[in-house]
Amino acid sequence: MCAVTAPVELSKNDLITGMEWNPAQLRDFFRLSRNIKAHPEEYKQSLAGRSLALIFEKPSLRTRVTFEVGIASLGGTAVFLDHTLTHLGERESVRDIAKNLERWVQGIVARVFAQKSLEEFAEYANIPVINALSDRFHPCQALADFFTLEERFGNLNGFKFAYVGDGNNMCHSLLSIGARTGAHVRVATPAGYEPDADVVSEAKRVAKETRGKVEILRSAADAVLSAQAVYTDVWSSMGQEGEASEREAAFAGYRVDQKLFSKAASDAVFMHCLPAHRGLEVSADVIDSPRSIVYDQAENRLHVQKAILHTLLN
């Protein structure tokens, strides 16, 4: 029988940005994720007798299913709170929601529009709070993404990772987690769509520690050249539908098609957090090719989030 791997040692039991964990803690976390994936039966009582509130302001497939299944497989109970029609703060303040929930449940998983809502939950609820997506970060996805790459390629020190597209929440988290793995992260965006300077600065600081590298480029071709993984995301996220036409024009030269993907390494993989718009940010012949690992990424959301829950609630 495999012994249960101990949770990662953390100073505070929240996952709000993904910057909470240093490189050594991230290595321990990936080791825990591997163990949970290989030996799920050893963790089936990890959340026994505990309940978590799932607060969702945005629709979801992967995030909701993987958290609900993950909580259940760890012996816990999920309580889904649908805020897609009544957004946080409209009917009741975030503070009051947090102060109520901490009396009933042992953790909060929140998929929100504003990062500020997560920060308020973390401030006022004396229970773990997990960012399941905000306008600024998507740490659960990025953790699953780099876990997937480590599974496939091994040690990621010096790994050449290219992100092409919008400098959005997904880009922010890929920069933060990528720097912590020691990867060489290259981001290409059109003018006016760059990632936040503070996020880039923090990633560069961490990259110096891990001997990784962070580059912000304008040319998609330069970013993808010899890359071992090429990643993109939608050009218009939820809440940006009114900008769709403007964004399509701005990102027209950033589509990951066969011509662009061919500049990557011969064993390069294609990645996307999904949902994807075939024909916009990626061509169908790339995302549906044997070199696409988008469904491996999606599967690993389950195992990585189970490791997050085990870490933060034990």
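For the structure, see preceding data.
What you see is a predicted model, and the numbers here were worked out from it, not measured in a lab.

**Section: the pairing of strand E5 (residues 160–164)**
Moving on, step 1. Across the 5 residues of E5, 4 count as buried, placing the element largely inside the fold.
Moving on, step 2. As judged from the 5 bridges shared by E5 and strand E6 (residues 184–188), these two strands associate in the parallel manner. Looking at the pairing, Val 164 lines up with Ala 188 of E6.
Moving on, step 3. Handedness of the E5-helix H6 (residues 169–181)-E6 crossover: right-handed.

**Focus: the packing of aromatic side chains**
Moving on, step 1. Per the stated rule, a full pass over the model turns up 11 aromatic pairs.
Moving on, step 2. Seen in terms of ring centroids, Phe 56 and Phe 80 are 5.4 Å apart; in terms of plane orientation they differ by 55 degrees. Their pairing is tilted. Here Phe 80 lies in strand E2 (residues 77–82) and Phe 56 lies in strand E1 (residues 51–56), a separation of 24 residues in the sequence.
Moving on, step 3. Residue classification places Phe 56 among the buried positions, given a relative accessible area of 1%.
Moving on, step 4. Judged by centre distance (6.1 Å) and plane angle (40 degrees), the rings of Tyr 163 and Tyr 231 are tilted. One end of the pair, Tyr 163, is in strand E5; the other, Tyr 231, is in strand E8 (residues 229–232), and 68 residues separate them in sequence.

**Looking at the sheet that holds strand E9 (residues 269–272)**
Moving on, step 1. Ordered by their spatial adjacency, 5 strands build an open sheet running E7-E6-E5-E8-E9, and the pairing between neighbours is parallel. Here the strands that pair on one side only, and so sit at the sheet edges, are strand E7 (213–217) and E9. Each neighbouring strand pair of the sheet contributes to a mean axis angle of 20 degrees, computed without reference to strand direction.
Moving on, step 2. As defined by bridge partners, E6 adjoins E7 across 5 bridges and the pair is classed as parallel. Its bridge partner being in E7, Val 187 is matched across the sheet by Ile 216.
Moving on, step 3. Sheet strands touched by helix H5 (residues 139–153): E5, E8 and E9. Its angle to E9, the strand with the most contacts, is close to 165 degrees.

**A closer look at helix H12 (residues 294–312)**
Moving on, step 1. Its 19 residues place the ends of H12 27 Å apart at the C-alpha level, agreeing with the 27 Å of an ideal helix rising 1.5 Å per residue.
Moving on, step 2. Asn 300 marks the point of greatest bend in H12, at about 30 degrees.
Moving on, step 3. Taken across its 19 residues, H12 has 16 buried, putting it largely inside the fold.

**A few points about the sheet that holds E2**
As a general point, the strands of a sheet are linked pairwise by backbone hydrogen bonds and lie either parallel or antiparallel.
Moving on, step 1. Reading across from one edge, E2-E1-E3-E4 is the order of the 4 strands in this open sheet, with parallel pairing throughout. In this open sheet, the two strands that pair with only one neighbour each are E2 and strand E4 (129–131). Going from strand to strand, the sheet's axes swing by 20 degrees on average, the running direction of each strand aside.
Moving on, step 2. The pairing of E1 with strand E3 (residues 107–111) spans 5 bridges and is parallel.

**Some remarks on the nonpolar core**
Moving on, step 1. Of all hydrophobic cores here, the largest spans 55 residues; its most connected members are Phe 29, Leu 143, Phe 146, Leu 149, Phe 161 and Ile 308.
Moving on, step 2. Among the elements that take part in this core, H5 stands out by supplying 7 residues, more than any other.
Moving on, step 3. Counting 25 residues, the second largest nonpolar core, distinct from the first, contains Ala 162, Ala 264, Leu 274 and Ile 287.

**Structural notes on helix H1 (residues 23–38)**
Moving on, step 1. The terminal C-alpha atoms of H1 lie 23 Å apart, and with 16 residues this matches the ideal 22 Å at 1.5 Å per residue to within 8%.
Moving on, step 2. Among all positions of H1, only Pro 23, Gln 25, Leu 26, Phe 29, Phe 30, Leu 32, Ser 33, Asn 35 and Ile 36 are buried.
Moving on, step 3. Of the surrounding elements, those touching the buried residues of H1 are H5, H6, helix H7 (197–210) and H12.
Moving on, step 4. N-capping of H1 is provided by Asn 22, with a side-chain oxygen placed 3.1 Å from the backbone N of Ala 24.

**Some details on the packing of H5 against H6**
Moving on, step 1. Closest axis-to-axis distance for the H5/H6 pair is 9 Å, and the angle between their directions is 45 degrees. Taken together, the axis directions place H5 and H6 in an arrangement best described as oblique. The chirality of how H5 crosses H6 is right-handed. Of H6, the residues touching H5 (which contributes Pro 139, Gln 141, Ala 142, Leu 143, Asp 145 and Phe 146) are Met 170, Ser 173, Leu 174, Ile 177, Gly 178 and Thr 181.
Moving on, step 2. Looking at side-chain class alone, the contact of H5 with H6 contains 7 nonpolar, 4 polar and 1 charged residues.

**Some details on a nonpolar patch on the surface**
Moving on, step 1. Together, Leu 61, Val 65 and Val 69 make up a nonpolar patch on the protein surface, roughly 260 Å² of accessible area in all.
Moving on, step 2. With respect to the helices, strands and loops of the structure, Leu 61 is situated in the loop between E1 and helix H2 (62–73).
Moving on, step 3. Owing to a relative accessible area of 56%, Leu 61 belongs among the exposed residues under this scheme.

Reading guide: rules and limits
- Residues numbered from 1 in each chain as written.
- Predicted model: local features only at pLDDT ≥ 70, side-chain atom pairs only at ≥ 80, totals over all residues.
- Heavy atoms only, no water.
- Buried < 20%, exposed > 50% of the residue type's maximum accessible area, 1.4 Å probe, protein only.
- Helix = DSSP H or I, 4+ residues; strand = E, 2+ residues; numbered from the N terminus.
- Pairing = 2+ DSSP bridges.
- Right-handed = clockwise from strand over helix to strand, strands pointing away.
- Phe/Tyr/Trp six-rings, centres within 6.5 Å; stacked < 30°, edge-to-face > 60°.
- Axes fitted to C-alpha atoms, helices over the stretch in contact; angles between N-to-C directions.
- Contact = heavy atoms within 4.5 Å.
- Expected span 1.5 Å × (residues − 1).
- Bend = angle between axes of the 7 residues up to and from the residue.
- Core = buried A, V, L, I, M, F, W, Y, C linked by side-chain atoms within 4.5 Å.
- Polar contact = N/O pair within 3.5 Å; in protein donor to acceptor, adjacent residues only side chain to side chain.
- Parallel < 35°, antiparallel > 145°, perpendicular 65-115°, else oblique.
- Left-handed = near helix turned anticlockwise from the far one by under 90°.
- Nonpolar A, V, L, I, M, F, W, Y, C, P; charged D, E, K, R; others polar.
- Patch = residues over 30% accessible without salt bridge, like charges linked within 9 Å, V, L, I, M, F, W, Y side chains within 5 Å.
- Areas by Shrake-Rupley, 256 points an atom, 1.4 Å probe, with all protein chains shown as cover.
- Salt bridge = Lys/Arg side-chain N within 4 Å of Asp/Glu carboxyl O.

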